[in-house]
Amino acid sequence: MVALAEEEMDNPTFRSDTVLSDVHLHCPSKRHLMVRLNAVGQPVFLSYFKLLWSTEDLASGKHVRETTTGRELQCRSGDELCDKDSSNTEKEGELNSEGVEALLDDDGDLEVVRRPRSASDLQAEDVLRDIVCPVILMKGKEDAFEDEEQECTCSNVVKIEHTMATPLEDVGKQVWRAAFLLADYILFKRDTFRCCSVLELGGGTGITSIIMGTVAKRVYCTDVGEDLLTMCEQNVALNKHLLEPGGGEIKVKELDWLKDEFCTDPEAPYSWSEEEIADLLDHCSVIMAADVFYDDDLTDALFRTLYRITHNLRDSCTVYLALEKRLNFTLRHMDVTCEAYSHFRNTLNDLENIQDGKMKYTVEPIKLDFCQSLVYERIEQL
């Protein structure tokens, strides 16, 4: 059974309706252990995502150093390399002008003396992300988790259970770049979010809420589906070491955009109590959502939910939306388009143009020139 699973992982095949996020393939973890099968039989993997700041610095508000991506470090190393090479060339030129002969081998070929590898080169290798493949945890190798447990105590690692390829309706169980982008912004502007009460719509695996929980007072991380919410709650538990320094609290709750009311059935898992609803409406000052704009009907439902909740809040709030523009070639247009993004922009414009005498929305783009605190590929489509 395990051998068959390994074969399938070595030669993956996906149905036409399968959606795959590549974030987990570019994280600094050297392996992804399959920890279990979820309620619908999908393999669940555990990945480690590196924080370039420590939680102690987050709690104290210090910015210890400017973060550097692997690509930037590589360029800097390359600059150093070019400077060294140019200086060597100048020295060689001086020697040649003095009549020193070039080094030739027995066949008359020029012998090039390789410079020793510098520390900057080795450091660049450590920072650059390797494309890695998932590893199946085979029966009898449960002790493979011992190394992982040691790494779990690190204050600069976010641990996330997730799936790797799902049907469209289960994409919340994967990790997506826009969630990391929003998490980066939270860490960059952490003083803005300190001690806030926050609502996340479509929290998925919970990674953005977890990062928000390092600075905010309380985060309501919401989505729909018991299996997904169970995974999210597990991720919150896995990262309690990140939340403890700041004393943040994360509550995982169900919030269905296709319904007009909060789920208050005490028999339903992840339902809301009347006290929690009151707390949200009285104190929420930040609403956020990341990579949830991929289906037009769900986009419409989200904006309806957003309007309904903001209409009932005691005070005004700021909404942060992050997404990745995904370009696709469509036969209808016979061109490369981004229909989901276009619909999102149109709906956002409709929200801004609301004139009902009750609510006013102002839309402001955020420049993506803030530093990167999580290791992922910040592409231009974000």
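This section reports on the structure supplied with the text. Quick caveat: nothing in here was measured; it's all calculated off a predicted structure.

1. With respect to the sheet that holds strand 4 (residues 157-162)
Read from one edge to the other, the open sheet built from three strands follows the order 2-3-4, with strand pairing classed as antiparallel. Only two strands of the sheet have a single partner each, and these edge strands are strand 2 (33-37) and strand 4. Strand-to-strand twist in this sheet, taken as the mean axis angle between neighbours without regard to direction, amounts to 30°. Pairing analysis gives six bridges linking strand 3 (residues 43-50) to strand 4, with the strands arranged antiparallel. Each bridged residue has a counterpart across the sheet, and for Leu-46 the counterpart in strand 4 is Glu-161. Sitting on the sheet, helix 9 (residues 226-238) is in contact with strand 2, strand 3 and strand 4, with an inclination near 160° to strand 4.

2. What to know about the pattern of salt bridges
Counting across every chain of the model gives 14 salt bridges. The partner of Glu-249 in a salt bridge is Arg-218, with the nearest N and O atoms 2.9 Å apart. Placement of Glu-249 in strand 8 (residues 249-254) and of Arg-218 in strand 7 (residues 218-223) is noted, with a sequence separation of 31 residues between them. Residue Arg-326 pairs with Glu-324 through a salt bridge whose shortest N-O separation is 3.5 Å. Classification of Arg-326 as partly exposed rests on a relative accessible area of 29%.

3. Considerations on the pairing of strand 2
Put simply, side chains in a regular strand alternate between the two faces of the sheet. Where strand 2 lies against strand 3, four bridges are found, and the strand directions are antiparallel. Within strand 3, the position partnered with Met-34 by the bridge is Phe-45. Count of turn residues in the strand 2/strand 3 antiparallel hairpin: five residues, of which Gly-41 carries a positive phi of about 85°.

4. Observations concerning the packing of aromatic side chains
Think of a pair of aromatic rings as described by two things: how far the centres are apart, and how the planes are tilted against each other in angle. One pass over the full model with this rule turns up 14 aromatic pairs. Ring centres of Tyr-341 and Phe-344 lie 6.1 Å apart, and the angle between their planes is 40°; this geometry places the pair in the tilted category. Remark: Phe-344 and Tyr-341 occur in helix 13 (residues 339-352); sequence separation between them is three residues, near one turn of the helix. What makes Tyr-341 partly exposed here is its relative accessible area of 22%. For Phe-344, a relative accessible area of 4% gives the class buried. Put simply, the rings of Tyr-185, Phe-188, Phe-193, Tyr-320 and Phe-370 touch in pairs and so form one group of aromatic residues. For the cation-ring pair, Lys-325 lies above Tyr-341, with the distance from its terminal atom to the ring centre recorded as 5.1 Å.

About the cut-offs
As a convention, each chain's residues are numbered from 1 in the sequence order in which they are written. At least 70 in pLDDT is required for a residue's local features to be given in this predicted model, at least 80 for side-chain atom pairs to be given and counted, and no such filter applies to totals for whole chains, interfaces and linings, which use all residues. Only hydrogens and water are set aside when side-chain values are computed; all heavy atoms of the structure are taken into account. Being paired, for any two strands, means DSSP has found at least two bridges between them. Working definition: helices are DSSP H or I runs of at least four residues, strands are E runs of at least two. Numbering for both runs from the N terminus. The axes are straight lines fitted to the C-alpha atoms, using for helices just the contacting stretch, and the angles between their N-to-C directions are given from 0 to 180°. By definition in these notes, contact holds between two residues if any of their heavy atoms fall within 4.5 Å. Between Lys or Arg on one side and Asp or Glu on the other, a salt bridge is scored when a side-chain nitrogen of the former is within 4 Å of a carboxyl oxygen of the latter. Under the scheme applied here, a residue whose accessible area is under 20% of the maximum for its type counts as buried, over 50% as exposed, and between as partly exposed, the area being computed with a 1.4 Å probe on protein chains only. Note on aromatic contacts: the rings of Phe and Tyr and the six-membered ring of Trp form a pair at centre separations within 6.5 Å, being stacked when their planes are under 30 degrees apart, edge-to-face when over 60 apart, and tilted otherwise. A ring is scored as having a charge over it whenever the NZ atom of a lysine or the CZ atom of an arginine sits within 6 Å of its centre and within 35 degrees of its normal.

All quantities given are derived from atomic positions and should not be read as evidence of function.
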